[in-house]
Structure formats: C-alpha cells, structure tokens
Amino acid sequence: MHSETDRDPLTADVIVVGAGPSGLMLAGELRLGGASVVVLEKLERPTGQSRGLGFTARALESFAQRGLDTRFPGLETSPVGHFGGVQFDYTVLDGGHFGARGIPQSQTEAVLEAWAVELGVDVRRGWEFTALDQTPDRVRVTARGAGGEQRLSSAYLVGADGGNSPVRRAAGIGFPGAPATRGMYLADVRGCGLRPRFLGELLDGGMVMAAPLGEGVDRIIVCEHGTLPAGRDQEVEFAEVAAAWQRLTGEDISGGRADWVSSFTDATRQAEMYRRGRVLVVGDAAHVHLPAGGQGLSVGVQDAVNLGWKLAATVTGWAPAGLLDTYHGERHPVGERLLMNTRAQGQIFLGGPEADPMRELFTELLAHDEVRRHLAGIVTGLDVRYDGMGDTPPAEAHPLTGRRLPHRMLRTASGDRDTTGLLRAAQGVLLDLSGDAGLGRTAAGHKDRVVTVAGAPATERDADTFAGAGAVLVRPDGYVAWAGSDEAGLRSALGRWFGTPAAAQGVSGRPLPFPS
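Residues numbered from 1 in each chain as written. Predicted model: local features only at pLDDT ≥ 70, side-chain atom pairs only at ≥ 80, totals over all residues. Heavy atoms only, no water.

(A) Molecular detail of the sheet that holds strand β14 (residues 206-214). Judged by pairing direction, the sheet is antiparallel, and its five strands sit side by side in the order β13-β14-β15-β12-β16 without closing on themselves. Pairing within the sheet leaves two strands with one partner each, and these edge strands are β13 (197-203) and β16 (257-265). Shown here is a sheet whose adjacent strand axes are inclined to one another by a mean of 15°, direction ignored. Relative to β14, β13 is paired through four bridges, and the arrangement is antiparallel. Residue pairing for β14: Leu203 is matched across the bridge by Gly206. Helix α5 (residues 238-249) contacts β12 (183-190), β13, β14, β15 (217-224) and β16 of the sheet and is inclined by roughly 70° relative to β15. Each of β12, β13, β14 and β15 touches helix α7 (residues 325-350); the most contacted strand, β13, lies at about 60° to it. (Pairing = 2+ DSSP bridges. Helix = DSSP H or I, 4+ residues; strand = E, 2+ residues; numbered from the N terminus. Axes fitted to C-alpha atoms, helices over the stretch in contact; angles between N-to-C directions. Contact = heavy atoms within 4.5 Å.)

Set out below in structure tokens:
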C-alpha cells in the first residue's frame, strides 16, 4: 500500500540520469516526441576533456537525421579504418566510412546539450542520483545537491550514468560479463614531441599509440602486457603513464604534462535487461567493453535514438502494446554483438606474439570484398537489422525491412528531398513511391504520427534501393518498419508501430519541417 504522496505531481514524464552523449541524445529525442524531461548530472560543469574522439558512420547518420551534423564545423570522415589493427577501406560498404574523426567528446556533449536545451530539456547540474523507489505508476528519485537532498518523481527513469551506473544497481539490474584481462592508460599530453603512431605500434612489452590533436597536444594510449591499471573512473597520475611509456618505448616523456589522464580495461559486461519496470538503461550503463573504433559512444547514441520515440509514445499515450519492450528486444542483441567484436579486436591487436597467426589470417581474409563489407558493417553499425518488424518472416520480407533507411533522393512535387532530412521531426514517414490512393487512405488515420511523402526515386541507384516496394514505412529512428505494396501489410505495420488510428478523433498531423 502506497501513501498519499503517490499522487504527487510528476517532476517530469522522464528523468534521465547522466548528461553524457547518450543521456543528452535521449533527452532531445524525448522532447521531439512530446515528453517532458529532466536530466540530472552530478558534475556542476562539463569536464572539457576530449575522451572519445569521434563517432561511427551510423551515429553520424543518426545525428544527420535530426540536423545535428551541421553543428560540427569542418566535420570530416575517414575512408580507411581497421579491425583489430588490420587496416582496410570502409567505403567498400554502401555509405561506409570509418567515422567522423578528431571530434572530442566534449564538443559532442556541448552540441547535444545545446540542442536538448533548445528543445526544452531541463538540465540540472550538480545533482547526484542516490536512490529510487518504483511504484506501479511512477518512479521516485532521490538526488543530492549543494542544497541537500531533493526528491523528484517521474513516469520513467533512465540511467545514462556510465559503466558503474548507480541507477542500474539501484534498479537491481544485473551486469554479467567477463572481468578485465588487461588495462590501458589514456592521456592528452603536451610538450612530449611524440612521433605519430596513429593505429598503434606493437612492441615486445605491449602497445603504444600517439596521434596529434592540434595545438601541441597528443593523444596517447599505453597498454603494457602483464599489468592491470586502475579501472574506469579511478584516479591516475601522469607519472604512472610516463613510466609505462618509457618501459615500452625507451622514450622519456616525464618532462611533459597531461591535460587529463585516465585508465580503462577490457572488462566486458552487459546489462541482463535494458528495462526493469519503469527503469531503463542506455549507453555505458547498458554495456562496457574495450574501446575500439569509436563504438562505445556511437552505440550509446543509437540506444538513445531507438528508445526515445518509443518512451515518448508511451508517456504521451499513443504507444501500441509492447512497444517499449522492443527496446530491449532490439538493442540487447546489438550490445551483444558490440561486446563480441570488441573482444575479438582486443585479442587480435593486443594479444602479443601469440596473436601473430590470427593477425596474419585476418590480413589474408581482408583481401576479399565480402569480408571487408562484413567487418565494416559490424564496426559502423550500418549492418544492424531488427527482426520481428511484422508478420512476414525476415527471409521473405523486402530487403529494406528492419534495416536503416539509407540516404537517398526522391523527386516530389515540391522539389528533390533527401530521405535523411525527412526524419528531422522524429516522427514516422511513409514514402509513397507509387501514388496508390489506397495506401494513402490506409495511412491517413495515423497522420498525427506518420507523415506521407509522395515521390519517385531520383536516380537509378535510388530506384534500385526501393525496387519491389510501392511504399516504405520508416520509424522515427530511421529503420524501415515495412516495405511493399499491399494495404493489409501497411495497415498491420502501422498498428504494430504507431498504434490505433487517431484521425477519427480529429487529431491533426504535425507539419514536416523540410530543410530549406
């Protein structure tokens, strides 16, 4: 039995704990979906530390879907990347590249926080989450700040608070996985005069990496065999890093100084469930692993984009039954694959002389286009396919079903439109490629949640992508829910992902903000 305070007004529809990339992206997505959001962040101000340096191709696409890519001036992508230190060209994959490089995490966070605040997110810094209590209809949160304890209430709580997630622990969500077998130091250093070792250099005692960040600053990573530095979020002194660097390379960098120093391990863990009742987890709170290919930040952003529209639909009242459960169903397998590939890369690149045969084998395998496409798809996130989109078995569904909608051009009555820009408002989109009046009538009842855009593929390449589909239904996260020509199939997909038609209730659709 619960007290009268169970009926106290909600502080917000959703409380998000953590103002890192995943938490801020989620907050923005929730606001686009009409939910009210409070973000609690224990740090009083951003650290300004570079940390992650870029993001993958699919994360960049996710940013572009919301128009955020234009907020990164001079953004450049790298065509050449690696898997476990073995280099190859990622453009072998349609839309592929190794990601946006050289963008410090501090810049990414600043961009996302500014966007979220513009959308109306309430970011409260200097407040540390300490406890939660779930009831059947809400979550109560206790947070501690300069003014003492504060109690807040929301319909749902999301932990975006890192690998040691207090929210995950308080919710009783297990975090099984493999313990650390090796550790690494990471630092941004000045005055060391280092020669670049962009992909890392394998030495008898381990591996070192060095890459210039500009203004006399180098990013370095040191992995020494047989040592296990402190784990994530532990205090590390630059003297420890300099000593390890000298043991491996013979170079003395102790005369330099570090802007910041950290350490991490290859511990690999994943939340056993991404949702428990009214508490959910995203990003590092859901999965930790060896950093490889900028995937950690990027997968966290994609967690947020998958969850945001579903949770917003739930709290605003139109979500079909089971929609929120698809967050775990879709993203947990992606997290499993992330852990698998980063562990494999760690063995290949950091396994010492014992891994030499594996590296040689990978070098041979990468001579084949099919292998390069497969590995590029894994690292970029462009190969993600969500099963269970509808009644049709995946093998019989249109090739686009369950996959991201690639960037393509359509010729419409109002001019050429790109498919990425059509997702700016974070709502569903029906691409009417055939002008079938029946399909249009079928979608009309969902016009408050799904905008119909009539057009034709602009080029032969665009036409090949949509071949065999008279229409394509795209979810707010950019994944194709259905592609075909039959009204029954479209009706089923609309009900499955966008709920009961609302047009009969007189609800009008939101205008689609086409880019000018």
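(B) Quick look at the state of the cysteines. Within this structure, the stated rule accounts for zero disulfides. Cysteine Cys192 remains unbridged, with the sulfur of Cys223 as its closest cysteine sulfur at 19 Å. For Cys223, a relative accessible area of 1% corresponds to the buried category. (Disulfide = S-S within 2.5 Å. Buried < 20%, exposed > 50% of the residue type's maximum accessible area, 1.4 Å probe, protein only.)

(C) Main features of the environment of Val86. Secondary-structure assignment places Val86 in strand β5 (residues 86-89). Counting along the chain gives 34 residues from Val86 to Gly52, while the straight-line C-alpha distance between them is 21 Å. Not counting chain neighbours up to four residues away, the residues in contact with Val86 comprise Gly81, Arg359, Phe362, Thr363 and Leu366.

(D) Looking closely at the sheet that holds strand β22 (residues 415-418). The strand order across the open sheet formed by three strands is β22-β21-β25, and the pairing between neighbours is antiparallel. The strands lining the two open edges of the sheet, one partner per strand, are β22 and β25 (456-457). Two elements, strand β21 (residues 409-412) and β22, share four bridges in a ladder whose sense is antiparallel. By the bridge assignment, Leu410 is partnered in β22 with Arg417.

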